[in-house]
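Here is how the chains run, residue by residue.
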Amino acid sequence: MKLIVAIVQDKDSNRLSSALVKENFRATKLASTGGFLRAGNTTFMIGVDDNQVEAVMNVIRNSCKVREQLVTPVTPMSGTTDSYLPLPVEVQVGGATVFVLPVDRFEHF
């Protein structure tokens, strides 16, 4: 048995949740916040048998898309801010960060 932990951008959360239900995979959703963009994320915890891992990975891959987004960097912590003009920078966001962990024991009450 494996525990799949998938961290996705909030924009992809509903699409992934619907796709998992459609494919009969159960998931627990947790609200989370990303460190780099400080934006809202959703963390999915999905418990599956070993032979179902690739099927879940395909659902995640097809539901969570990478896209470009303009962000304004935060101001520097040291030095003068008089000459600092933050310009928007284009970065890739979205997609999914996925961890697959072994499960030693599973119980359902």
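Bear in mind that the values here come from a model prediction, so they are computed numbers and not experimental data.

**Observations regarding the pattern of salt bridges**
For the structure shown, the criterion picks out two salt bridges. For Arg-15, the salt bridge goes to Asp-12, with nearest N and O atoms at 2.9 Å. One end of the pair is Arg-15 and the other is Asp-12, both in helix H1 (residues 10–22) and three residues apart, which spans about a single turn. On the basis of relative accessibility, which here comes to 43%, the residue Arg-15 falls in the partly exposed class. Accessibility expressed as a relative area gives 0% for Asp-12, which makes it buried.

**Section: the environment of Gly-34**
For Gly-34, the position within the fold is in the loop between strand E2 (28–33) and strand E3 (40–48). For Gly-34, a relative accessible area of 18% gives the class buried. Separated by 25 residues in sequence, Gly-34 and Gln-9 place their C-alpha atoms 8.6 Å apart.

**What about the pairing of strand E1 (residues 2–9)?**
Strand direction decides the pairing type here: E1 and E3, joined by eight bridges, are antiparallel. Residue pairing in the sheet places Leu-3 in a bridge with Gly-47 of E3. Sheet analysis places E1 next to strand E6 (residues 96–102), joined by seven bridges and oriented antiparallel. Note on E6: the bridge partner recorded for Ile-7 is Thr-97.

**Overview of the sheet that holds E1**
Across a sheet, paired strands are connected by hydrogen bonds in the backbone, their directions being either parallel or antiparallel. Ordered in space as E2-E3-E1-E6, the four strands form an open sheet in which the pairing is antiparallel. One side of each edge strand has no neighbouring strand; the edge strands of this open sheet are E2 and E6. With direction set aside, neighbouring strand axes in the sheet form an average angle of 20°. With six bridges connecting them, E2 and E3 associate as antiparallel partners.

**Remarks on the nonpolar core**
Counting residues in hydrophobic clusters, the biggest one holds 16 residues, and the most contacted among them are Leu-16, Leu-20, Ile-46, Val-56 and Ile-60. Looking at this core, the elements with two or more residues in it are E1, H1, E3 and helix H2 (53–63). Ranked by residues supplied to this core, first place goes to H2 with five residues. Those residues within four positions of Ile-46 in sequence are excluded, and the remaining contacts are Lys-2, Leu-3, Ile-4, Leu-20, Arg-26, Ala-27, Val-56 and Ile-60.

**Regarding the confidence of the model for the protein**
Mean pLDDT over the protein works out to 84, with 74% of the residues at or above the 70 mark. At the low end of the mean pLDDT range in the protein sits strand E5 (residues 89–94), at 67; at the high end sits H2, at 96.

What counts, and at which threshold
- Residues numbered from 1 in each chain as written.
- Predicted model: local features only at pLDDT ≥ 70, side-chain atom pairs only at ≥ 80, totals over all residues.
- Heavy atoms only, no water.
- Salt bridge = Lys/Arg side-chain N within 4 Å of Asp/Glu carboxyl O.
- Helix = DSSP H or I, 4+ residues; strand = E, 2+ residues; numbered from the N terminus.
- Buried < 20%, exposed > 50% of the residue type's maximum accessible area, 1.4 Å probe, protein only.
- Pairing = 2+ DSSP bridges.
- Axes fitted to C-alpha atoms, helices over the stretch in contact; angles between N-to-C directions.
- Core = buried A, V, L, I, M, F, W, Y, C linked by side-chain atoms within 4.5 Å.
- Contact = heavy atoms within 4.5 Å.
- pLDDT = per-residue confidence, 0-100.

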